[in-house]
Amino acid sequence: MEYCLTANALCKQYKHDTALNNLSMHVPKGSIYGFVGKNGAGKTTLIRLVCGLQRQTSGEYTLYGINSRDKAIEKARKRMGAIVEAPSVYPDMTAEENLKIQYKVLGMPSYDGISELLKLVGLADTGRKKAKNFSLGMRQRLGIAVALAGNPDFLILDEPINGLDPQGIIEIRELILKLNRERQVTILISSHILDELSKLATHYGFIDKGHIVREISAQEMEAACRKCVRIEVDHAGVLARVLHERKIEYHMLSETVAEIFAGMSVTDLVLMLAKEHCEVLSYKEQDESLESYYVKLVGGGVYE
Amino acid sequence: MNRLLAANFARLWRSKIFYGLELFMIGYCMLFYRDAYITINVNHKEYSNWNTGFFGGLLPGGIALAVFISFYIGAEYSNGTIRNKIATGHSRFHIYLSNLFVCYGAAVIMMMTYCVTSLLIGFILIGKEAISGIWKPAQGIGMMLCILMAYTAILVFVAMLDMNIARTGVVSLLLTILLLAAGIMVIQYLEMPEYMVRLEEVQDESGETKTVERTVYNSKYLSGEKRELYEWAKLILPSAQVMEVINRDVEYSVKQPICMFGELLIFTGAGIWIFLRKDIK
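The paragraphs below set out a description of the structure included in this document. (Residues numbered from 1 in each chain as written. Chains lettered and ligands numbered in written order. Predicted model: local features only at pLDDT ≥ 70, side-chain atom pairs only at ≥ 80, totals over all residues. Heavy atoms only, no water.)

With respect to the side chain of Ser88(A)
If you trace the backbone, Ser88(A) turns up in the loop between β6 (80–83) and α3 (95–106). For Ser88(A), a relative accessible area of 6% translates into the label buried. Polar contacts involving the side chain of Ser88(A) include one to the side chain of Arg83(B), which spans 3.2 Å. What Ser88(A) contacts, discounting residues up to four positions off in sequence, is Val146(A), Asn79(B), Gly80(B), Thr81(B), Arg83(B) and Asn84(B). (Helix = DSSP H or I, 4+ residues; strand = E, 2+ residues; numbered from the N terminus. Buried < 20%, exposed > 50% of the residue type's maximum accessible area, 1.4 Å probe, protein only. Polar contact = N/O pair within 3.5 Å; in protein donor to acceptor, adjacent residues only side chain to side chain. Contact = heavy atoms within 4.5 Å.)

In structure tokens, the structure reads:
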């Protein structure tokens, strides 16, 4: 698999705090990578390092295969757009003026594409309205437009839906999906709003205390969170045969425990197993969401 | 670097603060010539301070520059737009230098606005005298550009290293006032005469009291190493150089621009060194 961003044993130490502790992560090309963690877990610190705003204490990361210690990392960043914490825009300028300044920063030969970009983020009709008079959602979208100037392949969005109203959240979600599907932009998105993230992400990275505790694809996550029945029996072989014969999807977790991914009558199953002299020791319905998965993963610690 | 300069200048042309400070410089200039006009035409007194009129913009210019730089660079931090530049691959070295160049450009434009206004208003209100009375204008303008260079480097140093716009503004203004006070003090000490004439009352033989003039040594007169130290301070302090250019028929020396250029190198070098290692939020 090709990666846009990888981190290896990355550490960031502030005076008395360890913000990142041996963090390793892998953001596949073309993915929407959901970066999940508590406040203070190290999400923004990692983003700051990748954006070049801060330097790691030790370890390294690669951006498009270029090592962070290599001088060429600055060139690699030209392929990247980012919103770190809040959208970075000039409040006394209109949306168009903000984009013109960013086009100059990027050295774009002309202003072609600005109107398309404004249309893409839904700010085409803001006219002479200054960014300071924009709503939070509009500012967020302008921030995304600024980050998208120069057609980056990789977009980093730090908490892009924080403080947005439901309509704003939907708009940002649709924009992110559109960018990923239509423009094949790889997106690293950090968020607390797990339910929202689950509607977007193709991959997840869970961070706790400055360390990635798990990286998982959305497919694996779906499997892990799938509604199932966890059953414990005394003869797993009998259970496997019974389920196989009836073409019921299952997964053996141990020699006595299996997960069954189909709705079926408890009575029928118990009777079938009893006929084969297999005793059911326990039976439990499992239904996990991203939230419960995350809480289970990081130990459900107190949120800061 | 060119891209950053283009973006920074585009921002400068849209800056309301910059235009506000331009108006402030023009207003200050008009006030000066109004006073000169009243002195000559209403009070019928002689007036010859045309050097102060032409170069006097350096005084309000210092304040204007402190306000401009703290807002211009401070806004980059407070709006977060400096992150856009770093995150899109611009080197910190270039970001620092481009900010320095644009701030210096703004400083020169502000001073040129003042000088052109002073020539125009001086000529209209007073006549040729207001222009011909300027002492060594070419060297003065050259020195003015050197002073602005050093002063801009100091203020950019302060603004680039502090991410808090309000603190930058306060520090820059205080620094300007302190530098000005230090400059005036240094010049005053150096200008003190070695001997002073003191009036003393003495009784003559007949017992009458008379007032006589006596030349006495000025105990505050700086001599030896202390004087040398003050001479160096005058060279190093941009504010002292401002007083020199404004007030007197100064004999310019090559040491003056060299010192200003040295300050530019020291503050810019130190600023870049720290900025390269700075954690930006």
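Side note on a nonpolar patch on the surface
Residues and elements named next belong to chain B. A cluster of nonpolar side chains, contributed by Tyr-37, Ile-38, Val-42, Val-116, Leu-119, Leu-120, Phe-123, Ile-124, Leu-125 and Ile-131, occupies part of the molecular surface with about 860 Å² of accessible area. Examining the composition of the nonpolar patch, we find that 6 residues originate from one element, helix α6 (residues 92–125), more than from any other. Judged by relative accessible area, which is 34%, Tyr-37 ranks as partly exposed. (Patch = residues over 30% accessible without salt bridge, like charges linked within 9 Å, V, L, I, M, F, W, Y side chains within 5 Å. Areas by Shrake-Rupley, 256 points an atom, 1.4 Å probe, with all protein chains shown as cover. Salt bridge = Lys/Arg side-chain N within 4 Å of Asp/Glu carboxyl O.)

Let's talk about the sheet that holds strand β14 (residues 280–286) of chain A
All names here are of chain A. The 4 strands are arranged β12-β13-β11-β14 in an open sheet whose pairing can be described as antiparallel. Edge positions in the sheet fall to β12 (250–252) and β14, since each has one partner strand and no second. Taken pair by pair, the neighbouring strands of this sheet meet at an average axis angle of 20°, ignoring direction. Sheet analysis places strand β11 (residues 228–233) next to β14, joined by 6 bridges and oriented antiparallel. Pairing of Glu-232 across the sheet is with Ser-282, part of β14. Its contacts with the sheet put helix α9 (residues 236–245) on β11, β12 and β13 (257–260), and the angle it makes with β12 is roughly 160°. (Pairing = 2+ DSSP bridges. Axes fitted to C-alpha atoms, helices over the stretch in contact; angles between N-to-C directions.)

Let's talk about the side chain of Thr39(B)
Residue and element names in this part refer to chain B. Locating Thr-39 in the fold gives a position in helix α2 (residues 16–42). Judged by its relative accessible area of 19%, Thr-39 is buried. From its side chain, Thr-39 meets the backbone oxygen of Asp-35 in a polar contact 2.7 Å long. Setting aside anything within four residues of it in sequence, one finds Thr-39 in contact with His-44, Lys-45, Glu-46 and Tyr-47.

Side note on the pairing of strand β1 (residues 195–203) of chain B
Here 9 bridges tie β1(B) to strand β2 (residues 209–217) of chain B, and the two strands are oriented antiparallel to one another. Pairing of Met196(B) across the sheet is with Val216(B), part of β2(B).

Some details on the pattern of salt bridges
All names here are of chain A. One pass over the full model with this rule turns up 27 salt bridges over all chains. Residue Asp-208 is joined to Lys-38 by a salt bridge in which the shortest nitrogen-to-oxygen separation is 3.9 Å. Pair noted here: Asp-208 is in strand β9 (residues 203–208) and Lys-38 is in the loop between β3 (32–37) and α1 (43–50), with a separation of 170 residues, a long-range link. For Asp-208, a relative accessible area of 12% puts it in the buried group. A single salt-bridge network, built from bridges that share partners, covers Arg-241, Glu-245, Arg-246 and Glu-276.

Quick notes on the packing of aromatic side chains
How two aromatic rings sit relative to each other is given by the distance of their centres and the angle of their planes. Residues and elements named next belong to chain B. Per the counting criterion, the structure on display carries 14 aromatic pairs over all chains. Here Phe-157 and Phe-267 contribute two aromatic rings whose centre-to-centre distance is 5.5 Å and whose plane-to-plane angle is 75°, an arrangement assigned as edge-to-face. Placement of Phe-157 in helix α8 (residues 137–161) and of Phe-267 in helix α12 (residues 255–277) is noted, with a sequence separation of 110 residues between them. Where Tyr-189 meets Tyr-230, the ring centres are 5.6 Å apart and the plane angle is 55°; that geometry is what we call tilted. One end of the pair, Tyr-189, is in helix α9 (residues 165–191); the other, Tyr-230, is in helix α10 (residues 224–236), with 41 residues separating them in the sequence. (Phe/Tyr/Trp six-rings, centres within 6.5 Å; stacked < 30°, edge-to-face > 60°.)

Structural notes on the interface of chain B and chain A
At the interface, 27 residues of chain B touch 32 residues of chain A. Here chain B and chain A share an interface that buries about 2600 Å² over both sides, 52% of which is from carbon and sulfur atoms. Our count for the chain B to chain A interface comes out at 2 salt bridges. A salt bridge links Glu97(A) to Arg14(B); its shortest N-O distance comes to 3.9 Å. For the pair chain B and chain A, the number of links is 13 residue pairs in polar contact (both at pLDDT 80 or more). Those elements that place two or more of their residues in the side of chain B that touches chain A are α1 (2–13) and α5 (81–87) of chain B. Residues of the side of chain B that touches chain A, tallied by class, amount to 8 nonpolar, 8 polar and 11 charged. (Buried area = accessible area lost by both parts, 1.4 Å probe. Nonpolar A, V, L, I, M, F, W, Y, C, P; charged D, E, K, R; others polar.)

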